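Geometric and topological summary
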Amino acid sequence: QVHLVESGGGLVQAGGSLRLSCTASVPLSSFNTVAWYRQAPGKERESVAIITNGGTTNYADFVKGRFTISRDNAKNTVYLQMNSLKPEDTAVYYCNGRVILTTPLREYTYWGQGTQVTVTS
C-alpha cells in the first residue's frame, strides 16, 4: 500500500521560512514524479513544484526563486524548502506521487493528507 505523509507545516511570519517533508511508504524510485500542490480556502488546488525520478525540477511562476524542491532517496522523502514566505502562500500543502506504467498504459496518483501552512503579515 502506498502512503504519502506530509509534515513541517505551521504558522510563520511573512518573510520567514518553512521546510515541508513528504515521506513515502515505498522507495521514491517507484514514482515517475513527486510534486507539491497547495489549496487555499475557496480556491482550486494548484501545482507548486515537481521533481522527476531523474531529478529534474519545475516550479510555478509564483514560487520561483523562493521555493526549492529536493529529494532524499535514502529516506524516501521529498522536501519543499519555502523561503521569503508571503501571506498569499497560506494554504494546505499536499504531496502528490504519480506512477506511470506502460504496456498497457496506466497511471496511478497518490495524495497525502496535507499540511497547513499559515503566513501572517
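Summary of the structure given here.

Reading the values: rules and limits
Throughout this description, residue numbers start from 1 for each chain and increase along the sequence as written. Side-chain atom pairs in this predicted model are given and counted only at pLDDT of 80 or more, local residue features only at pLDDT of at least 70, and totals for whole chains, interfaces and linings cover all residues. With hydrogens and water excluded, all non-hydrogen atoms of the structure serve as input to the side-chain values. The helix and strand labels rest on DSSP assignments: H or I over at least four residues marks a helix, E over at least two residues marks a strand, and numbering proceeds from the N terminus. We compute the radius of gyration over the C-alpha atoms and compare it with the globule rule, which gives 2.2 Å times the number of residues raised to the power 0.38. Between buried and exposed lies partly exposed: a residue is buried under 20% and exposed over 50% of the maximum accessible area for its type, with that area taken using a 1.4 Å probe on protein chains only. Residues count as neighbours in contact if any of their non-hydrogen atoms are within 4.5 Å of one another. When charges are counted, Lys and Arg contribute as positive and Asp and Glu as negative, whereas His and the chain ends are disregarded. To locate a charge, take NZ of a lysine, CZ of an arginine, CG of an aspartate or CD of a glutamate. Under this definition, polar contacts are N or O atom pairs within 3.5 Å; protein pairs additionally need one hydrogen-donor-capable and one acceptor-capable atom, and for neighbouring residues in sequence, both atoms have to be side-chain atoms. For the purposes of this section, nonpolar cores are sets of buried Ala, Val, Leu, Ile, Met, Phe, Trp, Tyr and Cys residues that join through side-chain atoms within 4.5 Å.

The helix and strand tally for the protein stands at zero helices and eleven strands. Along the protein, helices (α) and strands (β) appear in the sequence β-β-β-β-β-β-β-β-β-β-β when read from the amino end. A compact globule built from 121 residues would reach a C-alpha radius of gyration of about 14 Å, and the protein, at 14 Å, matches this within 12%. Counting only C-alpha atoms and orienting by the principal axes, one finds that the protein spans roughly 50 × 30 × 25 Å. In the protein, buried positions account for 39% of the 121 residues. Of the contacts formed within the protein by residues at least 6 apart in sequence, a portion of 55% connects residues at least 24 apart. Here the protein carries 11 positive and 8 negative side-chain charges, and the mean point of each set is 4 Å from the other.

Now for the environment of aspartate 61. Locating aspartate 61 in the fold gives a position in the loop between strand 6 (57–59) and strand 7 (67–72). For aspartate 61 and serine 47, which are 14 residues apart along the polypeptide, the C-alpha to C-alpha distance reads 10 Å. One polar contact links aspartate 61 to lysine 64, side chain to side chain, over a distance of 3.2 Å.

Moving on, we come to the nonpolar core. Counting residues in hydrophobic clusters, the biggest one holds 30 residues, and the most contacted among them are Trp36, Leu80, Met82 and Tyr93. Looking at this core, the elements that each hand over two or more residues are strand 3 (18–24), strand 4 (33–39), strand 5 (46–52), strand 7, strand 8 (77–82), strand 9 (91–101) and strand 11 (115–120).

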